[in-house]
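# Commentary on secondary and tertiary structure
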Amino acid sequence: MKVEIYKATDQHANMPNYDEAQENLSWDEVEKAFSWYDTGKINMAYETIDRHVHDGYGDKIALHYKLDDDIQSYTFKEMMENSNKAANVLKDIGVKKGDRVFIFMARSPELYFTLLGALKIGAIVGPLFEAFMEKAVKDRLENSEASTIITTSELVGRVPVDELPDLQHVVVVGDQVDEDQINFRELYQDASDEFDIEWLDKEDGLILHYTSGSTGQPKGVLHVQEAMVQQYISGKYVLDLKEDDIYWCTADPGWVTGTSYGIFAPWLNRTTNVVVGGRFSPESWYDALEKLKVTVWYSAPTAFRMLMGASDDIIEKYDLSSLRHVLSVGEPLNPEVVKWGMDVYKLRIHDTWWMTETGAHMIVNFPSLDIKAGSMGKPLPGVEATIIDDQGNELPPNRMGNLALKKGWPAMMREIWKNKPKYDSYFIGDWYISGDSAYKDEEGYFWFQGRVDDVIMTAGERVGPFEIESKLVEHEAVQEAGVIGKPDPIRGEIVKAFIALREGYEPTDELKEEIRVFVKNGLAAHAAPREIEFKDSLPKTRSGKIMRRVLKAWELDLPAGDLSSMDDN
Ligand code: WTA
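- As recorded in an unreviewed UniProt entry, the protein chain goes by the name Putative long chain fatty acid-CoA ligase VraA, listed as coming from Jeotgalicoccus meleagridis.
- In UniProt, the protein chain has this text filed under Sequence similarities (unreviewed entry): "Belongs to the ATP-dependent AMP-binding enzyme family."

Structure follows, in structure tokens:
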């Protein structure tokens, strides 16, 4: 297949040369940008917000929040004061350094105030998607022994307080607050806008993102303060953030992209950051780009494919001339999407590859490099990546294997919450094993091939089949269930469930719909199977584990491979 090459333009002329940066970048040097270089102590909320106020940039806009036709803007000074107030509210009710504080809210300015406020106390923040239903909320709070949840009147009903013995504080942002809950807005009104930040060590906790694997419940990936070093430099080099940029990352903070690159990277670089509330539509997104004069835009292949599917008349209605740099993350970026980007935006879409566990960019289309459409690009300067076989041997160019990263980059996760064996299982010697398969070409460009495990990537969301299967078997009609990702032209993959029914249940379309709604209401909308197929029984190993590999082979009409461990009764 012919590879399209898109040359680097002088757009990014002031970017470092890739080879020089890769050779010279030293994390110890980058660290000097932050206060621990002088004081030995650090706090992400200080480095993202307060520092800029002290440096004389208090009046610069830090946040534009847009919801439909309403735009609210806050300067760095206002962000500092609002997050100080939030920190005072949380501290007064008893939140302490190291506590796990979950934030379960739709995107709003208050989400950002409370998140920064919790960080100022030294708490570890656990952001949750607004779409989560009761079981998803419970599993995460329970596993992390969270002390506090900050949520809204609309969502608080999904927090099963009685089943969470460690949960001490239920903070509600909204107008309807029960007696046994803490009324955030009431306390906030009277809270002081000054706060003594808790100074932390580089290795103190920052954020806990729950993410899915192929087995077991979602796991808590813990990042620490030091992550800022890499988030800052990738913001500068890869997002190419400059003094006058207006930057919009479309991801929700429930996903690591929405924190590392929706909060930390832009504000560490003192950039004006855009947050858009409400739902996706081509019109609402283009309206945000136009009205806020966005210059740097970070989104995902699913969104680009949906925009690509919208009619040309729509895009012609908007003035997108402010845009100068576009990036993508989360799934393979198809060459035809890159081509479309060149046609409609007259800009290259820069792919970036990384994971919740890596905390920041790992392999990127570095702005000063040529782009080979379909390739993720090269390792971020300072990062060493390679392809290894299952024994840990490095493979030569063009051989497919495990995409692996040399341990020790600053934003690397430090722990899987309360699960040391799981954490250890990520490593072979000094190599972190990503779970993705890829190859590297002779010029050092990496090409994504697929997941090694059964993790499903649907519309950019990473969903674990196990969590959905567990929910499915809670339904009274379901005997057993196996879940796979089925390739889909827009969403990358969709969730498909194979289900064997209990005796006495008829395989009807109504039942399919009922089961779908059951998962949607019990777990999360994006986890609900878009397709369900009933089977008399499911293929299982002798130990009773459902063989998703066989289900996938059924779906794709492929040979099922080695079935030696399959149960034959
Ligand atoms: C996939 C996302 C192809 C990959 C920040 C990875 C990608 C998983 C890309 C992590 C990309 C992410 N090209 N695949 N540019 N970026 N992935 O933890 O399978 O939600 O292992 O973090 O997404 O997903 P996660």
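So, next bit.
### Concerning the packing of helix α4 (residues 44–57) against helix α5 (residues 76–93)
- It is the contact of α4 with α5, at a shortest axis distance of 8 Å, that shows an interaxial angle of 135 degrees. The angle between α4 and α5 falls in the class oblique. Where α4 crosses over α5, the handedness of that crossing is left-handed. On α5, the residues touching T48, I49, D50, H52, V53 and Y57 of α4 are F76, K77, M79, M80 and N84.
- Within the contact of α4 with α5, the residues separate by chemical class into six nonpolar, three polar and two charged.

### Section: the pairing of strand β2 (residues 61–67)
- Most of β2 is tucked away: five of the seven residues are buried.
- Of the strand pairs in this sheet, β2 and strand β3 (residues 70–75) are connected by six bridges, and their pairing is antiparallel. Within the sheet, the bridge partner assigned to L67 lies in β3 and is D70.
- The hairpin formed by β2 and β3 contains two residues between the paired strands, and D68 there has a positive phi angle of roughly 50 degrees.
- Two elements, β2 and strand β12 (residues 272–276), share four bridges in a ladder whose sense is parallel.

### Thoughts on the nonpolar core
- Residues M79, I149, W267 and I499 are the most contacted members of the largest nonpolar core, which totals 147 residues.
- Formed jointly, this core draws a minimum of three residues from each of two domains, domain 1 (5–440) and domain 2 (455–556).
- Each residue touching I149, except ones within four places of it in the same chain, is listed here: F102, F104, L128, V137, L141, V159, L167, H169, V170 and V171.

### Some points on helix α7 (residues 134–144)
- All of the buried residues along α7 are K135, A136, V137, D139, R140, L141 and S144.
- Here the buried face of α7 lies against β4 (100–104), β5 (124–128), β6 (148–152), β9 (205–211), α16 (465–472) and α17 (509–522).
- Directly after α7, the chain includes E145, whose backbone phi takes a positive value near 50 degrees.

### A short note on the site of the ligand
- Near the ligand there are 18 residues, and of these D351, T352, T356, R451 and R462 occur at the shortest range.
- Between G330 and the ligand, the recorded distance is 3.2 Å, taken from a backbone N or O atom to a nitrogen atom.
- At 2.8 Å from a nitrogen atom of the ligand is found a side-chain nitrogen or oxygen belonging to D351.
- Against a free-state accessible area of 530 Å², the protein chains account for coverage of 99% of the ligand.
- For the shell around the ligand, the elements supplying multiple residues, two or more each, are α10 (256–268), β15 (349–353) and β24 (446–451).

### Side note on the sheet that holds strand β16 (residues 363–364)
- What the nine strands build is an open sheet, ordered β3-β2-β12-β11-β13-β14-β15-β16-β18; its pairing is mixed. Edge positions in the sheet fall to β3 and β18 (378–379), since each has one partner strand and no second.
- Across the sheet, helix α6 (residues 109–121) lies against β2, β3 and β12, angled at about 25 degrees from β3, the strand it touches most.

### Overview of the pattern of salt bridges
- By the definition in use, this model includes 45 salt bridges.
- Between E145 and K418 there is a salt bridge, with the nearest N and O atoms lying 3.5 Å from each other. Of this pair, E145 sits in the loop between α7 and β6 while K418 sits in the loop between β21 (415–416) and α15 (420–424), placing them 273 residues apart in sequence.
- Residue K418 is classed as exposed on the basis of its relative accessible area, which comes to 54%.
- Notably, a salt bridge pairs E531 with K496, separated by 3.2 Å at the nearest N-O pair.

### Structural notes on the domain arrangement of the protein chain
- Under the domain assignment, the protein chain is made up of domain 1 (5–440) and domain 2 (455–556).
- Of note, the centres of domain 1 and domain 2, computed from C-alpha atoms alone, are 30 Å apart.
- Each side of the interface is counted separately: domain 1 has 26 residues, and domain 2 has 26 residues.
- Between domain 1 and domain 2 the total buried area reaches about 1,900 Å² when both faces are included, carbon and sulfur atoms providing 53% of it.
- Across the domain 1-domain 2 interface, the total number found is two salt bridges.
- Salt-bridge contacts for R140 lead to E467; the nearest nitrogen and oxygen are separated by 3.3 Å.
- Those elements giving two or more residues to the side of domain 1 that touches domain 2 turn out to be α7 and α12 (301–309).
- It is α7 that contributes the most residues to the side of domain 1 that touches domain 2, four residues altogether.

Parameters at a glance
Throughout this document, residue positions are counted from 1 along each chain, in the order its sequence is written. Only residues with pLDDT of 70 or above have their local features reported here, since the model is predicted, and side-chain atom pairs are shown and tallied only from 80 upward, although totals for entire chains, interfaces and linings are computed over all residues. To obtain the side-chain values, all non-hydrogen atoms of the structure were used and water was disregarded. UniProt positions are given in the numbering used here, feature names are shortened, and annotations may be inferred rather than shown by experiment. Axis lines are fitted through C-alpha atoms, for helices just across the contact stretch, and the angle between N-to-C directions can take any value from 0 to 180 degrees. Under the DSSP-based scheme used, a helix requires at least four consecutive residues in state H or I and a strand at least two consecutive residues in state E, with every element numbered from the N terminus. Working rule for angles: under 35 degrees goes down as roughly parallel, over 145 as roughly antiparallel, 65 to 115 as roughly perpendicular, anything else as oblique. Crossing handedness is read from the near helix: turned anticlockwise from the far helix by less than a right angle, it gives a left-handed crossing, and turned clockwise, a right-handed one. Only heavy atoms enter the contact rule, under which two residues are in contact if any of them lie within 4.5 Å. Following the grouping adopted for this structure description, the nonpolar residues are Ala, Val, Leu, Ile, Met, Phe, Trp, Tyr, Cys and Pro, the charged ones are Asp, Glu, Lys and Arg, and the polar ones are all others, Gly among them. Each residue gets one of three labels from its accessible area relative to the maximum for its type: buried under 20%, exposed over 50%, partly exposed in between, using a 1.4 Å probe on protein chains only. Here, any two strands with at least 2 DSSP bridges between them count as paired. Only buried residues count toward a nonpolar core. Its members are Ala, Val, Leu, Ile, Met, Phe, Trp, Tyr and Cys residues joined through side-chain atoms within 4.5 Å. Source of the domain bounds: an automatic or database domain assignment. Proximity is defined per residue: any heavy atom of the residue falling within 4 Å of a molecule or strand makes that residue near it. Under the rule applied, a polar contact is a pair of N or O atoms within 3.5 Å (in protein, one hydrogen donor and one hydrogen acceptor; residues adjacent in sequence only if both atoms are side-chain atoms). The method behind every accessible area is Shrake-Rupley, applied with a 1.4 Å probe, and residues are considered shielded solely by the protein chains displayed. For this document, the term salt bridge refers to a Lys or Arg side-chain nitrogen within 4 Å of an Asp or Glu carboxyl oxygen. Computed with a 1.4 Å rolling probe, the buried area is the accessible surface lost when two parts are put together, summed over both parts.

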